[in-house]
Amino acid sequence: MKGFVPTPAPLVDHMVDKLFRSAPPTPSSTLLDPGCGAGAFVEGVIRWCTRAGAPVPWITALDSDPARLREARQALPHLDRITLLQEDFLAPRREQFDYIIGNPPYVAITGLDSVERARYRRQYLTAVGRFDLYALFFEQALRLLKPDGRLVFVTPEKFLYVQSAGPLRQQLAAAGVEEIELIDEGAFAGLVTYPAITTASRRKVGQVVRVITRDGASRQVPLRGTGASWLPDVNGVPRADAPHNLTDAFLRISCGVATGADGIFVMRDENVPPALREFAYPTISGREIGVGEQPRPRHQMLIPYKLDGELLTEAELGPLHAYLAHPARRAQLSERTCVARKPWYAFHENPPLGDILRPKILCKDIGARPWFVVDEEGVIVPRHSVYYLVPKDPGMIHGLCDYLNSPSVSDFLVANCQRAANGFLRLQSHVLKRVPLPEHLVTDAQMAIA
Ligand SMILES: C[S@@+](CC[C@H](N)C(=O)[O-])C[C@H]1O[C@@H](n2cnc3c(N)ncnc32)[C@H](O)[C@@H]1O
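Draft legend 1. A look at the site of the ligand. What surrounds the ligand is a group of 22 residues, the closest being Thr 7, Gly 35, Asp 63, Asp 88 and Phe 89. Between the ligand and Asp 63, the relevant distance is 2.7 Å, taken from an oxygen atom to a side-chain nitrogen or oxygen of the residue. For the ligand, the accessible surface in isolation is 590 Å², of which the surrounding protein chains cover 97%. A class-by-class count of the residues in the shell around the ligand yields 10 nonpolar, 6 polar and 6 charged.

Draft legend 2. Region of interest: the pairing of strand β12 (residues 280-284). Counted residue by residue, β12 has 4 buried out of 5 residues, so it is predominantly covered. Sheet topology note: the β12/strand β13 (residues 299-302) ladder contains 4 bridges and is antiparallel. Within β13, the residue paired with Pro 282 across the bridge is Gln 300. Where β12 meets strand β17 (residues 381-382), 2 bridges bridge the pair, whose relative direction is parallel. Bridge pairing in β17 links Ile 284 to Pro 382.

Draft legend 3. Region of the structure containing the sheet that holds strand β20 (residues 425-426). Spatially, the 3 strands line up as an open sheet ordered β15-β20-β19, and their pairing is antiparallel. Here the strands that pair on one side only, and so sit at the sheet edges, are β15 (366-367) and β19 (418-419). Where β19 lies against β20, 2 bridges are found, and the strand directions are antiparallel. Its bridge partner lying in β20, Arg 419 is registered against Leu 425.

Draft legend 4. Structural context of the sheet that holds β12. Read across the open sheet, the 4 strands follow the order β11-β13-β12-β17; overall the sheet is mixed. A single partner strand is all that each edge strand has here, and the edge strands are β11 (266-268) and β17.

Draft legend 5. Representation of the packing of helix α5 (residues 133-143) against helix α6 (residues 166-175). Contact geometry of α5 with α6 gives a least axis separation of 10 Å together with a crossing angle of 30°. When the interaxial angle is binned, α5 and α6 end up roughly parallel. Relative to α6, the crossing made by α5 is left-handed. Seen from α5, the contacting residues are Ala 135, Phe 138, Glu 139 and Leu 142; seen from α6, they are Leu 168, Gln 171, Leu 172 and Ala 175. Grouping the constituent residues of the contact of α5 with α6 by class yields 6 nonpolar, 1 polar and 1 charged.

Rules used in this analysis
- Residues numbered from 1 in each chain as written.
- Predicted model: local features only at pLDDT ≥ 70, side-chain atom pairs only at ≥ 80, totals over all residues.
- Heavy atoms only, no water.
- Near = heavy atom within 4 Å.
- Polar contact = N/O pair within 3.5 Å; in protein donor to acceptor, adjacent residues only side chain to side chain.
- Areas by Shrake-Rupley, 256 points an atom, 1.4 Å probe, with all protein chains shown as cover.
- Nonpolar A, V, L, I, M, F, W, Y, C, P; charged D, E, K, R; others polar.
- Buried < 20%, exposed > 50% of the residue type's maximum accessible area, 1.4 Å probe, protein only.
- Helix = DSSP H or I, 4+ residues; strand = E, 2+ residues; numbered from the N terminus.
- Pairing = 2+ DSSP bridges.
- Axes fitted to C-alpha atoms, helices over the stretch in contact; angles between N-to-C directions.
- Parallel < 35°, antiparallel > 145°, perpendicular 65-115°, else oblique.
- Left-handed = near helix turned anticlockwise from the far one by under 90°.
- Contact = heavy atoms within 4.5 Å.

Shown next as structure tokens:
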């Protein structure tokens with residue numbers, strides 16, 4: 001049957017405590033345990049009530065797997081307050097409950113057949129993109145929660161940030177989230193990657209949420225109701241809509257130069273013929289920027305442009321013309337798509353040399369973690385696999401670079417950057433531009449301009 005991962009008793013007790021601590025059950029309270037498995041949460045509820053001297057609520061525990069339900073029937077006491085049902089929780093239902101607690105099934109869309117996928121897409125707003133069954137359990141449970149009810153679920157934390165969980169984040173924000181606790185993978189003996197306990201309470205709509213991170217730290221954060229990723233909020237990273245961002249301190253934040261034919265325009269330093277030296281500029285690729293290292297360009301880029309960014313005429317190219325017009329090179333250059341709208345020796349994009357040849361900060365476009373380095377002399381031409389940031393005030397370049405290498409910027413980029421195929425971060429200038437700028441650097445930047 002789908003998605004059976006039993007919840008260990010200590011975790012069950014921790015979650016039941018979250019459910020009842022601030023609002024213990026009364027004799028008429030009702031509780032739902034959807035996907036009850038062998039009844040771990042029902043046992044936990046009975047333990048809590050016995051310990052606290054509180055009445056056991058009216059419990060409905062259901063599971064679609066008959067074998068699990070048989071286990072639950074054997075394990076649980078036969079009380080008239082406990083009803084065990086073999087039912088599909090995701091089928092339409094109406095009855096509402098004061099408490100809902102559970103560990104819903106984790107079943108990715110790939111584990112569902114096409115009939116199930118189509119049915120869920122029709123019936124659930126959270127069944128979008130590469131959805132997971134636990135998102136649908138959340139949606140159904142929120143629907144079945146009484147107006148002042150409380151819900152506690154343990155699930156993988158992925159719903160905090162994956163794009164397909166945007167509708168779930170909107171629903172949770174609208175329903176009211178009281179707390180999100182990120183718990184250790186050891187809680188499930190490594191069976192669940194990055195688990196999180198979510199406590200939803202309708203009384204908490206629009207208020208701040210308590211976030212408990214894996215290092216035990218706790219903070220109050222406002223969660224966005226827009227469907228955007230909650231990771232920056234949960235990690236305590238400055239929000240992307242902070243009052244000041246990198247555009248306040250940098251003249252330009254761009255991707256490096258795209259020649260469209262690096263094999264022709266870029267060559268090792270020692271291979272540059274003396275006649276072409278006047279067109280050669282030290283250049284660096286993303287691969288050559290190592291964490292903790294200073295940039296050391298070993299290649300030169302032959303640039304057929306003036307410093308103001310204007311393309312040299314063929315007559316002005318001199319010896320560079322002879323090199324580029326060699327038949328094999330000219331043929332290769334002429335095949336580039338950009339040549340449809342540009343001279344045959346132009347770069348794919350015109351290089352803004354006036355900005356590039358200034359003191360600047362460089363970072364490779366894709367990497368396990370971002371690492372920024374300073375080109376203090378402003379002589380390096382970054383290739384297309386490098387982002388460059390030109391500060392308004394060159395005197396602030398080291399302070400800005402230290403800030404860019406700080407854990408808070410790293411967290412921001414981890415939370416906001418796209419991932420490349422291998423899980424590496426893919427920088428983009430629109431994300432870099434939104435990196436918040438701390439007050440002290442804003443002040444320095446403003447003083448520098450004044
Ligand atoms: C992760 S297990 C948790 C079991 C139990 N609550 C625990 O914590 O030990 C999820 C349970 O959901 C059940 N399940 C999966 N799909 C279901 C559905 N559509 N309706 C009801 N139960 C379902 C599975 O059979 C499984 O027992």
